[in-house]
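# Reading the structure
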Amino acid sequence: MGVRLGILGLGTVGTGTVQLLQDSAGRHPLLQEIEIYRVGVRSLDKPRAIELSTEVLTTDLEAIVNDPAVDIVVEVIGGLEPARSLILKALSNGKHVVTANKAAIARFGAEIFTTANQAGVYVMLEAAVGGGIPVIQPLKQSLSVNRIHTVIGIVNGTTNYILTRMQTEGSNFSDVLADAQRLGYAEADPTADVDGLDAADKIAILASLGFDGRINLQDVYTEGIRQVSKTDIAYAEKLGFVIKLLAIAKRDTPSSPLSVRVHPTLVPQAHPLASINGVYNAILVEGEPIGQVMFFGPGAGAGATASAVTSDILNLVAVLKTNTAVANPLLTCGHQEYCQIAPMAELITRFYARFLTNDQPGVIGKLGTCFGNYGVSLESVVQTGFQGELAEIVVVTHDVPEGNFRQALAEIQNLSAIESIPSLLRVL
Ligand code: HSE
(Lines give C-alpha, C1' and ligand atoms only; values in the text may rest on other atoms or scores of the structure.)
Protein backbone atom coordinates (compact mmCIF):
# COMPACT_ATOMS: atom_id res chain seq x y z
CA MET A 1 0.00 0.00 0.00
CA GLY A 2 1.19 3.50 -0.76
CA VAL A 3 1.96 6.18 1.80
CA ARG A 4 -0.97 8.58 2.04
CA LEU A 5 -0.41 12.33 2.15
CA GLY A 6 -2.79 14.91 3.52
CA ILE A 7 -1.64 18.26 2.16
CA LEU A 8 -2.88 21.39 3.92
CA GLY A 9 -2.78 24.32 1.52
CA LEU A 10 -2.49 24.68 -2.22
CA GLY A 11 -0.67 27.99 -2.59
CA THR A 12 2.72 28.34 -4.25
CA VAL A 13 4.45 25.66 -2.18
CA GLY A 14 1.53 23.20 -2.11
CA THR A 15 1.02 23.50 -5.86
CA GLY A 16 4.76 23.04 -6.52
CA THR A 17 4.79 19.94 -4.31
CA VAL A 18 1.77 18.36 -6.03
CA GLN A 19 3.32 19.11 -9.43
CA LEU A 20 6.58 17.45 -8.40
CA LEU A 21 4.77 14.40 -7.02
CA GLN A 22 2.63 14.07 -10.16
CA ASP A 23 5.72 14.07 -12.35
CA SER A 24 7.91 11.41 -10.76
CA ALA A 25 9.70 10.00 -13.83
CA GLY A 26 13.47 10.23 -13.48
CA ARG A 27 13.28 11.08 -9.78
CA HIS A 28 13.70 8.81 -6.75
CA PRO A 29 11.67 5.59 -7.23
CA LEU A 30 10.19 5.85 -3.72
CA LEU A 31 8.13 8.83 -4.97
CA GLN A 32 5.94 6.31 -6.77
CA GLU A 33 4.86 4.90 -3.41
CA ILE A 34 3.22 8.21 -2.46
CA GLU A 35 -0.48 8.82 -2.85
CA ILE A 36 -1.87 12.36 -2.76
CA TYR A 37 -4.83 11.30 -0.66
CA ARG A 38 -6.36 14.58 0.49
CA VAL A 39 -5.59 18.24 -0.21
CA GLY A 40 -7.15 20.88 2.00
CA VAL A 41 -7.98 24.23 0.38
CA ARG A 42 -9.93 27.32 1.31
CA SER A 43 -12.15 27.29 -1.79
CA LEU A 44 -13.08 24.47 -4.15
CA ASP A 45 -14.02 26.92 -6.91
CA LYS A 46 -10.67 28.58 -7.43
CA PRO A 47 -9.10 27.81 -10.84
CA ARG A 48 -5.89 25.72 -10.34
CA ALA A 49 -2.82 24.93 -12.39
CA ILE A 50 -2.99 21.27 -11.38
CA GLU A 51 -5.52 18.50 -11.78
CA LEU A 52 -6.83 16.80 -8.67
CA SER A 53 -9.97 14.69 -8.42
CA THR A 54 -12.96 16.00 -6.50
CA GLU A 55 -12.55 13.28 -3.81
CA VAL A 56 -9.03 14.56 -3.08
CA LEU A 57 -9.87 18.24 -2.65
CA THR A 58 -11.67 19.31 0.51
CA THR A 59 -12.21 22.47 2.52
CA ASP A 60 -12.28 20.49 5.78
CA LEU A 61 -8.67 20.72 7.02
CA GLU A 62 -9.57 19.32 10.45
CA ALA A 63 -10.90 16.17 8.77
CA ILE A 64 -7.51 15.63 7.08
CA VAL A 65 -5.51 15.74 10.32
CA ASN A 66 -8.08 13.46 12.00
CA ASP A 67 -8.35 10.94 9.14
CA PRO A 68 -6.83 7.59 10.22
CA ALA A 69 -5.94 6.82 6.58
CA VAL A 70 -3.51 9.78 6.35
CA ASP A 71 0.11 8.84 7.17
CA ILE A 72 1.86 12.18 6.63
CA VAL A 73 0.43 15.68 6.95
CA VAL A 74 2.14 18.33 4.81
CA GLU A 75 1.41 21.76 6.27
CA VAL A 76 1.99 24.45 3.66
CA ILE A 77 -0.69 26.97 4.58
CA GLY A 78 1.81 29.13 6.50
CA GLY A 79 0.96 31.67 9.22
CA LEU A 80 0.44 30.94 12.88
CA GLU A 81 -3.18 29.76 13.12
CA PRO A 82 -4.77 27.46 12.17
CA ALA A 83 -1.35 26.02 11.15
CA ARG A 84 -0.20 25.48 14.75
CA SER A 85 -3.41 23.76 15.87
CA LEU A 86 -3.55 21.55 12.79
CA ILE A 87 0.10 20.49 13.21
CA LEU A 88 -0.47 19.68 16.89
CA LYS A 89 -3.64 17.72 16.11
CA ALA A 90 -1.91 15.74 13.34
CA LEU A 91 0.99 14.88 15.66
CA SER A 92 -1.32 13.88 18.51
CA ASN A 93 -3.08 11.61 16.04
CA GLY A 94 0.24 9.85 15.34
CA LYS A 95 0.92 11.39 11.94
CA HIS A 96 4.31 12.59 10.78
CA VAL A 97 4.35 16.24 9.71
CA VAL A 98 6.27 18.07 7.01
CA THR A 99 6.10 21.83 7.26
CA ALA A 100 7.56 24.87 5.53
CA ASN A 101 6.30 27.10 8.33
CA LYS A 102 9.27 28.93 9.88
CA ALA A 103 7.04 31.35 11.79
CA ALA A 104 5.16 28.55 13.57
CA ILE A 105 8.29 26.49 14.26
CA ALA A 106 10.26 29.49 15.58
CA ARG A 107 7.41 30.44 17.96
CA PHE A 108 5.83 27.12 18.89
CA GLY A 109 8.76 24.74 18.34
CA ALA A 110 8.81 23.68 22.00
CA GLU A 111 5.20 22.46 22.06
CA ILE A 112 5.33 21.09 18.51
CA PHE A 113 8.46 18.97 19.11
CA THR A 114 7.35 17.91 22.59
CA THR A 115 4.06 16.69 21.11
CA ALA A 116 5.89 14.91 18.26
CA ASN A 117 8.31 13.19 20.61
CA GLN A 118 5.50 12.06 22.90
CA ALA A 119 3.59 10.66 19.92
CA GLY A 120 6.73 9.03 18.46
CA VAL A 121 6.47 10.85 15.13
CA TYR A 122 8.67 13.28 13.22
CA VAL A 123 8.35 16.94 12.25
CA MET A 124 10.41 17.70 9.15
CA LEU A 125 11.15 21.31 8.19
CA GLU A 126 13.75 21.49 5.43
CA ALA A 127 11.66 24.05 3.51
CA ALA A 128 11.36 26.39 6.50
CA VAL A 129 14.83 27.90 5.96
CA GLY A 130 16.56 28.66 2.68
CA GLY A 131 13.75 27.41 0.40
CA GLY A 132 15.31 24.73 -1.78
CA ILE A 133 18.73 24.85 -0.12
CA PRO A 134 19.43 21.73 1.92
CA VAL A 135 20.58 23.13 5.27
CA ILE A 136 18.35 21.59 7.96
CA GLN A 137 19.35 18.02 7.18
CA PRO A 138 23.07 18.90 6.89
CA LEU A 139 22.95 20.61 10.31
CA LYS A 140 21.06 17.69 11.86
CA GLN A 141 23.08 14.96 10.21
CA SER A 142 26.06 15.54 7.90
CA LEU A 143 27.65 18.32 10.02
CA SER A 144 26.43 17.26 13.44
CA VAL A 145 29.75 15.75 14.53
CA ASN A 146 31.37 19.16 14.21
CA ARG A 147 31.65 21.67 17.00
CA ILE A 148 29.79 24.54 15.34
CA HIS A 149 31.16 28.06 15.92
CA THR A 150 29.13 30.12 13.49
CA VAL A 151 26.07 29.98 11.30
CA ILE A 152 25.75 33.10 9.17
CA GLY A 153 23.04 33.39 6.58
CA ILE A 154 21.57 35.59 3.95
CA VAL A 155 18.20 33.94 4.52
CA ASN A 156 15.75 36.51 3.23
CA GLY A 157 15.54 36.90 -0.54
CA THR A 158 13.38 40.02 -0.52
CA THR A 159 15.85 42.11 1.47
CA ASN A 160 18.81 40.74 -0.45
CA TYR A 161 17.09 41.72 -3.69
CA ILE A 162 16.42 45.25 -2.36
CA LEU A 163 19.97 45.74 -1.03
CA THR A 164 21.48 44.38 -4.26
CA ARG A 165 19.46 46.83 -6.35
CA MET A 166 20.27 49.74 -4.03
CA GLN A 167 23.94 48.84 -4.47
CA THR A 168 23.95 48.42 -8.25
CA GLU A 169 21.62 51.33 -9.06
CA GLY A 170 22.56 53.76 -6.30
CA SER A 171 18.85 53.97 -5.42
CA ASN A 172 16.98 54.69 -2.19
CA PHE A 173 15.38 51.97 -0.08
CA SER A 174 11.84 53.30 -0.54
CA ASP A 175 12.12 53.53 -4.35
CA VAL A 176 13.48 49.99 -4.69
CA LEU A 177 10.90 48.62 -2.24
CA ALA A 178 8.05 50.18 -4.25
CA ASP A 179 9.44 48.72 -7.47
CA ALA A 180 10.00 45.31 -5.84
CA GLN A 181 6.37 45.33 -4.72
CA ARG A 182 5.26 46.21 -8.25
CA LEU A 183 7.32 43.33 -9.66
CA GLY A 184 6.11 40.84 -7.04
CA TYR A 185 9.48 40.45 -5.26
CA ALA A 186 8.16 42.08 -2.10
CA GLU A 187 4.81 41.61 -0.36
CA ALA A 188 2.22 44.40 -0.19
CA ASP A 189 2.91 44.37 3.56
CA PRO A 190 6.70 43.98 3.55
CA THR A 191 7.12 44.13 7.34
CA ALA A 192 8.16 40.53 8.00
CA ASP A 193 10.88 40.74 5.37
CA VAL A 194 12.24 44.30 5.61
CA ASP A 195 12.14 44.49 9.40
CA GLY A 196 14.16 41.28 9.71
CA LEU A 197 11.42 39.20 11.37
CA ASP A 198 11.44 36.44 8.73
CA ALA A 199 15.24 36.20 9.03
CA ALA A 200 14.95 36.10 12.84
CA ASP A 201 12.58 33.10 12.64
CA LYS A 202 15.03 31.36 10.33
CA ILE A 203 18.18 31.99 12.38
CA ALA A 204 16.35 30.88 15.53
CA ILE A 205 15.71 27.54 13.80
CA LEU A 206 19.26 27.22 12.45
CA ALA A 207 20.79 28.20 15.80
CA SER A 208 18.69 25.63 17.60
CA LEU A 209 19.99 22.90 15.31
CA GLY A 210 23.58 24.11 15.14
CA PHE A 211 23.94 24.72 18.86
CA ASP A 212 21.69 21.99 20.17
CA GLY A 213 19.15 23.82 22.30
CA ARG A 214 15.91 25.70 22.10
CA ILE A 215 15.97 29.39 21.23
CA ASN A 216 13.55 31.88 22.66
CA LEU A 217 12.61 34.05 19.66
CA GLN A 218 12.39 37.15 21.89
CA ASP A 219 16.11 36.76 22.61
CA VAL A 220 17.02 37.23 18.93
CA TYR A 221 18.16 40.84 18.43
CA THR A 222 16.46 41.96 15.21
CA GLU A 223 17.09 45.02 13.07
CA GLY A 224 15.82 45.34 9.49
CA ILE A 225 17.00 47.31 6.46
CA ARG A 226 14.66 50.32 6.40
CA GLN A 227 17.36 52.63 7.74
CA VAL A 228 20.07 51.52 5.28
CA SER A 229 20.73 54.48 3.02
CA LYS A 230 22.31 54.77 -0.40
CA THR A 231 24.90 57.06 1.22
CA ASP A 232 26.02 54.24 3.54
CA ILE A 233 26.07 51.73 0.69
CA ALA A 234 28.35 54.09 -1.26
CA TYR A 235 30.69 54.68 1.74
CA ALA A 236 30.77 50.94 2.42
CA GLU A 237 31.81 50.30 -1.16
CA LYS A 238 34.61 52.88 -0.93
CA LEU A 239 35.83 51.17 2.23
CA GLY A 240 35.78 47.70 0.60
CA PHE A 241 32.44 46.37 1.91
CA VAL A 242 28.94 45.53 0.75
CA ILE A 243 25.91 45.84 3.05
CA LYS A 244 23.93 42.63 3.60
CA LEU A 245 21.16 41.67 5.99
CA LEU A 246 22.89 38.89 7.93
CA ALA A 247 21.34 36.43 10.33
CA ILE A 248 24.11 35.36 12.68
CA ALA A 249 24.42 32.71 15.38
CA LYS A 250 27.82 32.43 16.98
CA ARG A 251 29.38 30.79 19.98
CA ASP A 252 33.07 31.09 20.80
CA THR A 253 33.36 28.04 23.04
CA PRO A 254 30.86 25.29 23.94
CA SER A 255 30.45 26.88 27.40
CA SER A 256 30.02 30.51 26.30
CA PRO A 257 26.59 32.06 25.68
CA LEU A 258 25.30 32.18 22.16
CA SER A 259 24.97 35.38 20.18
CA VAL A 260 21.91 35.29 17.88
CA ARG A 261 21.04 38.36 15.86
CA VAL A 262 19.77 39.81 12.59
CA HIS A 263 21.01 43.16 11.35
CA PRO A 264 22.36 44.90 8.27
CA THR A 265 26.09 44.31 8.23
CA LEU A 266 29.10 45.60 6.32
CA VAL A 267 30.60 42.47 4.73
CA PRO A 268 34.16 42.60 3.32
CA GLN A 269 33.98 42.38 -0.48
CA ALA A 270 36.21 39.28 -0.47
CA HIS A 271 33.95 37.39 1.98
CA PRO A 272 32.02 34.48 0.40
CA LEU A 273 28.65 36.03 1.44
CA ALA A 274 29.44 39.36 -0.27
CA SER A 275 28.76 37.97 -3.73
CA ILE A 276 25.33 36.48 -2.91
CA ASN A 277 23.05 38.80 -4.82
CA GLY A 278 19.41 39.22 -5.77
CA VAL A 279 16.84 36.85 -4.33
CA TYR A 280 19.40 34.14 -3.64
CA ASN A 281 20.11 32.82 -0.16
CA ALA A 282 23.31 31.40 1.32
CA ILE A 283 24.24 29.96 4.67
CA LEU A 284 27.84 29.75 5.82
CA VAL A 285 28.57 27.25 8.58
CA GLU A 286 31.89 27.20 10.42
CA GLY A 287 32.78 24.29 12.61
CA GLU A 288 35.61 22.25 13.95
CA PRO A 289 37.13 20.24 12.40
CA ILE A 290 35.39 20.87 9.06
CA GLY A 291 36.21 24.59 8.63
CA GLN A 292 33.86 26.57 6.39
CA VAL A 293 30.97 25.13 4.38
CA MET A 294 28.63 27.33 2.38
CA PHE A 295 25.19 26.40 1.08
CA PHE A 296 23.90 28.54 -1.75
CA GLY A 297 20.75 28.49 -3.84
CA PRO A 298 17.18 29.64 -4.38
CA GLY A 299 15.62 30.65 -1.07
CA ALA A 300 12.03 30.72 -2.31
CA GLY A 301 9.84 29.80 -5.26
CA ALA A 302 7.47 26.94 -6.03
CA GLY A 303 9.95 24.46 -7.49
CA ALA A 304 12.77 25.11 -5.03
CA THR A 305 10.55 24.89 -1.97
CA ALA A 306 8.74 21.83 -3.37
CA SER A 307 12.14 20.14 -3.68
CA ALA A 308 12.74 20.64 0.06
CA VAL A 309 9.20 19.64 1.09
CA THR A 310 9.25 16.52 -1.07
CA SER A 311 12.69 15.44 0.18
CA ASP A 312 11.23 15.55 3.72
CA ILE A 313 8.24 13.51 2.55
CA LEU A 314 10.64 11.00 1.01
CA ASN A 315 12.58 10.64 4.27
CA LEU A 316 9.31 9.87 6.04
CA VAL A 317 8.27 7.39 3.36
CA ALA A 318 11.57 5.59 3.98
CA VAL A 319 10.84 5.59 7.74
CA LEU A 320 7.33 4.21 7.19
CA LYS A 321 8.63 1.58 4.77
CA THR A 322 11.25 0.32 7.20
CA ASN A 323 8.61 0.36 9.93
CA THR A 324 11.09 0.95 12.73
CA ALA A 325 9.60 1.33 16.18
CA VAL A 326 12.65 3.24 17.46
CA ALA A 327 12.84 6.99 16.84
CA ASN A 328 15.82 7.97 14.69
CA PRO A 329 17.67 10.58 16.79
CA LEU A 330 19.03 12.20 13.65
CA LEU A 331 15.50 13.03 12.48
CA THR A 332 13.95 14.17 15.78
CA CYS A 333 14.41 17.47 17.58
CA GLY A 334 14.85 16.40 21.16
CA HIS A 335 16.21 19.58 22.79
CA GLN A 336 14.80 20.28 26.22
CA GLU A 337 17.00 23.16 27.39
CA TYR A 338 16.98 26.73 26.13
CA CYS A 339 20.30 28.15 24.90
CA GLN A 340 21.73 30.95 26.98
CA ILE A 341 21.82 34.05 24.77
CA ALA A 342 24.47 36.73 25.28
CA PRO A 343 23.22 40.33 25.72
CA MET A 344 24.05 42.60 22.77
CA ALA A 345 26.17 44.85 25.04
CA GLU A 346 28.64 41.96 25.30
CA LEU A 347 28.83 41.39 21.56
CA ILE A 348 32.35 41.96 20.25
CA THR A 349 32.22 43.38 16.76
CA ARG A 350 33.49 46.14 14.53
CA PHE A 351 31.24 49.14 13.89
CA TYR A 352 30.68 51.59 11.07
CA ALA A 353 29.27 54.98 12.06
CA ARG A 354 28.52 58.11 10.04
CA PHE A 355 28.49 61.52 11.71
CA LEU A 356 27.29 64.89 10.47
CA THR A 357 29.34 67.58 12.16
CA ASN A 358 30.09 71.27 12.04
CA ASP A 359 33.13 71.82 9.86
CA GLN A 360 35.44 73.27 12.49
CA PRO A 361 38.92 72.49 13.83
CA GLY A 362 39.33 69.66 16.31
CA VAL A 363 36.13 67.67 15.60
CA ILE A 364 37.93 64.50 14.50
CA GLY A 365 40.22 64.86 17.53
CA LYS A 366 37.21 65.10 19.88
CA LEU A 367 35.61 62.05 18.27
CA GLY A 368 38.84 60.10 18.70
CA THR A 369 39.12 61.19 22.35
CA CYS A 370 35.56 60.09 23.17
CA PHE A 371 36.12 56.74 21.52
CA GLY A 372 39.46 56.37 23.31
CA ASN A 373 37.77 57.07 26.69
CA TYR A 374 35.81 53.83 26.27
CA GLY A 375 38.57 51.70 24.78
CA VAL A 376 37.22 51.97 21.22
CA SER A 377 40.06 51.79 18.74
CA LEU A 378 39.49 53.19 15.24
CA GLU A 379 40.47 51.25 12.14
CA SER A 380 39.70 54.05 9.69
CA VAL A 381 38.36 57.60 9.64
CA VAL A 382 37.15 59.11 6.36
CA GLN A 383 35.99 62.62 5.64
CA THR A 384 35.25 63.05 1.96
CA GLY A 385 31.89 64.68 1.66
CA PHE A 386 29.58 67.38 2.84
CA GLN A 387 25.83 67.43 3.27
CA GLY A 388 25.04 71.11 2.83
CA GLU A 389 27.14 72.98 5.40
CA LEU A 390 27.84 69.89 7.46
CA ALA A 391 30.92 67.73 7.20
CA GLU A 392 30.36 63.98 6.88
CA ILE A 393 32.75 61.81 8.88
CA VAL A 394 32.71 58.02 8.65
CA VAL A 395 34.56 55.78 11.08
CA VAL A 396 35.15 52.04 11.21
CA THR A 397 36.28 50.66 14.56
CA HIS A 398 38.34 47.65 15.50
CA ASP A 399 36.59 44.89 17.45
CA VAL A 400 34.98 46.34 20.56
CA PRO A 401 32.28 45.30 23.05
CA GLU A 402 29.01 46.83 21.82
CA GLY A 403 28.36 48.29 25.29
CA ASN A 404 31.63 50.33 25.16
CA PHE A 405 30.82 51.57 21.69
CA ARG A 406 27.34 52.70 22.78
CA GLN A 407 28.76 54.55 25.80
CA ALA A 408 31.23 56.38 23.55
CA LEU A 409 28.41 57.29 21.15
CA ALA A 410 26.31 58.67 23.99
CA GLU A 411 29.18 61.00 24.92
CA ILE A 412 29.78 61.95 21.26
CA GLN A 413 26.10 62.81 20.81
CA ASN A 414 26.51 65.49 23.46
CA LEU A 415 29.43 67.22 21.73
CA SER A 416 28.31 70.62 20.45
CA ALA A 417 30.06 70.07 17.09
CA ILE A 418 28.05 66.90 16.38
CA GLU A 419 24.83 67.59 14.49
CA SER A 420 23.62 63.99 14.16
CA ILE A 421 24.66 60.36 13.83
CA PRO A 422 22.57 59.19 10.86
CA SER A 423 24.00 55.68 10.63
CA LEU A 424 25.37 52.98 12.79
CA LEU A 425 26.03 49.53 11.36
CA ARG A 426 27.96 46.46 12.45
CA VAL A 427 30.87 45.14 10.42
CA LEU A 428 31.57 41.44 9.90
N1 HSE B 1 9.79 35.99 2.33
C2 HSE B 1 10.90 35.10 2.20
C3 HSE B 1 12.06 35.80 1.53
C4 HSE B 1 10.63 33.87 1.37
O5 HSE B 1 11.93 36.93 1.05
O6 HSE B 1 13.13 35.20 1.49
C7 HSE B 1 10.03 32.76 2.15
O8 HSE B 1 10.84 32.36 3.21
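Fair warning: this is a prediction, and the values are worked out from it, not measured in the lab.

### Some details on the domain arrangement of the protein
With domains assigned, the protein is organised as domain 1 (3–132 + 302–322), domain 2 (136–297) and domain 3 (346–427). Tallying the contact residues gives 17 residues for domain 2 and 18 residues for domain 3. Summed over both sides, the interface between domain 2 and domain 3 buries roughly 1400 Å², with carbon and sulfur atoms accounting for 59% of that surface. Connecting domain 2 to domain 3 are two salt bridges. Scanning the region where domain 2 abuts domain 3 turns up eight residue pairs in polar contact (both at pLDDT 80 or more). When contributions to the side of domain 2 that touches domain 3 are tallied by element, the ones reaching two or more residues are helix H10 (230–238), strand S9 (241–250) and strand S10 (259–268). Among the elements that make up the side of domain 2 that touches domain 3, the one with the highest residue count is S10 (seven residues). Each residue belonging to the side of domain 2 that touches domain 3 can be placed in one class, and the counts come to eight nonpolar, five polar and four charged.

### Here's the deal with the site of the ligand
Around the ligand, a shell composed of Lys102, Asn156, Gly157, Thr158, Asp193, Asp198, Lys202 and Ala300 is seen. Within the side chain of Thr158, an N or O atom sits 2.5 Å from an oxygen atom of the ligand. Interatomic distance of 2.8 Å between a side-chain N/O atom of Lys202 and an oxygen atom of the ligand. For the ligand, whose accessible area on its own is 260 Å², the fraction buried by protein is 78%. Elements with a minimum of two residues in the shell around the ligand: helix H6 (157–169) and helix H9 (197–211). In the shell around the ligand, the residues fall into one nonpolar, three polar and four charged.

Quick notes on the rules
- Residues numbered from 1 in each chain as written.
- Predicted model: local features only at pLDDT ≥ 70, side-chain atom pairs only at ≥ 80, totals over all residues.
- Heavy atoms only, no water.
- Domains from an automatic or database assignment.
- Contact = heavy atoms within 4.5 Å.
- Buried area = accessible area lost by both parts, 1.4 Å probe.
- Salt bridge = Lys/Arg side-chain N within 4 Å of Asp/Glu carboxyl O.
- Polar contact = N/O pair within 3.5 Å; in protein donor to acceptor, adjacent residues only side chain to side chain.
- Helix = DSSP H or I, 4+ residues; strand = E, 2+ residues; numbered from the N terminus.
- Nonpolar A, V, L, I, M, F, W, Y, C, P; charged D, E, K, R; others polar.
- Near = heavy atom within 4 Å.
- Areas by Shrake-Rupley, 256 points an atom, 1.4 Å probe, with all protein chains shown as cover.

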